[in-house]
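Descriptive analysis of the structure
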Amino acid sequence: MSKAAYFHPLLRVVHWAMALMIVAMLFIGVGMVSTVSELHAFLYSLHKPLGVAILLLVILRVYLRLRYKTPSLPAHLPGFQVALAHLSHWLLYLLMVAQPLVGWAMLSAAGYPVTLGAGITLPALVAKNIELYAMLRPLHTWLALLLFVTVVLHLTAALFHALLLRDGVFSSMTGYKGRG
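From a predicted model like this one, the values you see are computed outputs, not experimental measurements.

**Some points on unusual backbone geometry**
- Residue A118 is not a glycine yet carries a positive backbone phi of 55°.
- Following the sequence through the fold, A118 ends up in the loop between strand 1 (114-117) and strand 2 (120-122).
- Look at R166: it is not a glycine, yet its phi comes out positive at around 50°.
- Counting through the fold element by element, R166 comes out in the loop between helix 4 (130-165) and helix 5 (169-174).
- With relative accessibility at 42%, the residue R166 sits in the partly exposed group.

**Some thoughts on the packing of helix 3 (residues 79-110) against helix 4**
- Running from amino to carboxyl end, helix 3 crosses helix 4 at an angle of 155°, the nearest separation of the two axes being 8 Å. Taken together, helix 3 and helix 4 sit at an angle that is classed as roughly antiparallel. In this structure, the crossing between helix 3 and helix 4 has a hand that is left-handed.

**Looking at the pairing of strand 1**
- Bridge analysis of strand 1 against strand 2 gives three bridges, and the strand direction is antiparallel. Bridge pairing in strand 2 links V114 to L122.
- Here strand 1 folds back onto strand 2, and the loop between the two strands holds two residues, one of which, A118, carries a positive phi near 55°.

**Examining the nonpolar core**
- Membership of the largest hydrophobic core comes to 33 residues, with the highest contact counts inside it found for M18, I22, L50, I54, V58, M96 and L136.
- Listed by contribution, the elements that provide at least two residues to this core are helix 1 (9-33), helix 2 (38-67), helix 3 and helix 4.
- Looking at this core, the element that brings in the most residues is helix 3, giving 10 residues.
- In this structure M18 touches I54, L57, V58, R61 and M96, once residues within four positions along its chain are discounted.

**Topic: the side chain of Q99**
- With respect to the secondary-structure elements, Q99 resides in helix 3.
- Among the polar contacts listed, one links the side chain of Q99 to the backbone oxygen of H140, at a separation of 3.0 Å.
- Apart from residues no more than four positions distant in its own chain, Q99 is found in contact with H140, L143 and A144.

Parameters at a glance
Residues numbered from 1 in each chain as written. Predicted model: local features only at pLDDT ≥ 70, side-chain atom pairs only at ≥ 80, totals over all residues. Heavy atoms only, no water. Helix = DSSP H or I, 4+ residues; strand = E, 2+ residues; numbered from the N terminus. Buried < 20%, exposed > 50% of the residue type's maximum accessible area, 1.4 Å probe, protein only. Axes fitted to C-alpha atoms, helices over the stretch in contact; angles between N-to-C directions. Parallel < 35°, antiparallel > 145°, perpendicular 65-115°, else oblique. Left-handed = near helix turned anticlockwise from the far one by under 90°. Pairing = 2+ DSSP bridges. Core = buried A, V, L, I, M, F, W, Y, C linked by side-chain atoms within 4.5 Å. Contact = heavy atoms within 4.5 Å. Polar contact = N/O pair within 3.5 Å; in protein donor to acceptor, adjacent residues only side chain to side chain.

Right, dumping it as structure tokens:
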């Protein structure tokens, strides 16, 4: 299979939509746990459906990633950087799947329904179990922190390729055929 010069347009749309959603989700999550005002209920009502949307989009994204050819990394990159790039991408995928599933399981273990609005309630992933909830609650927080760090590293690498190396890595995801 030959490599593409740019990511498929569907992959680019899903990537950038998810990027915005994940950044919003990280801010919503921080805001949600740091307030007891009426804003808490509003943020909480956004948090659950956004988490489910991210989960569905990451499933679509993995499918698209496997379905369409992807660009190769530049030949000038040292092997360890190529390995780190692949590792960080799969870590992002893993976290984008794990985080909403752990959140869903956490709420299920606490006995809280995952409601998405418009009368849609998801089935519980696990039975009510306060001990399991006590394990999942900090795990959800730690996964959020790991996701935040991984997103920041991903953004840093993207900007490094866009602004300093100008080697086409960034433009392969933007579709912009300019200088990288």
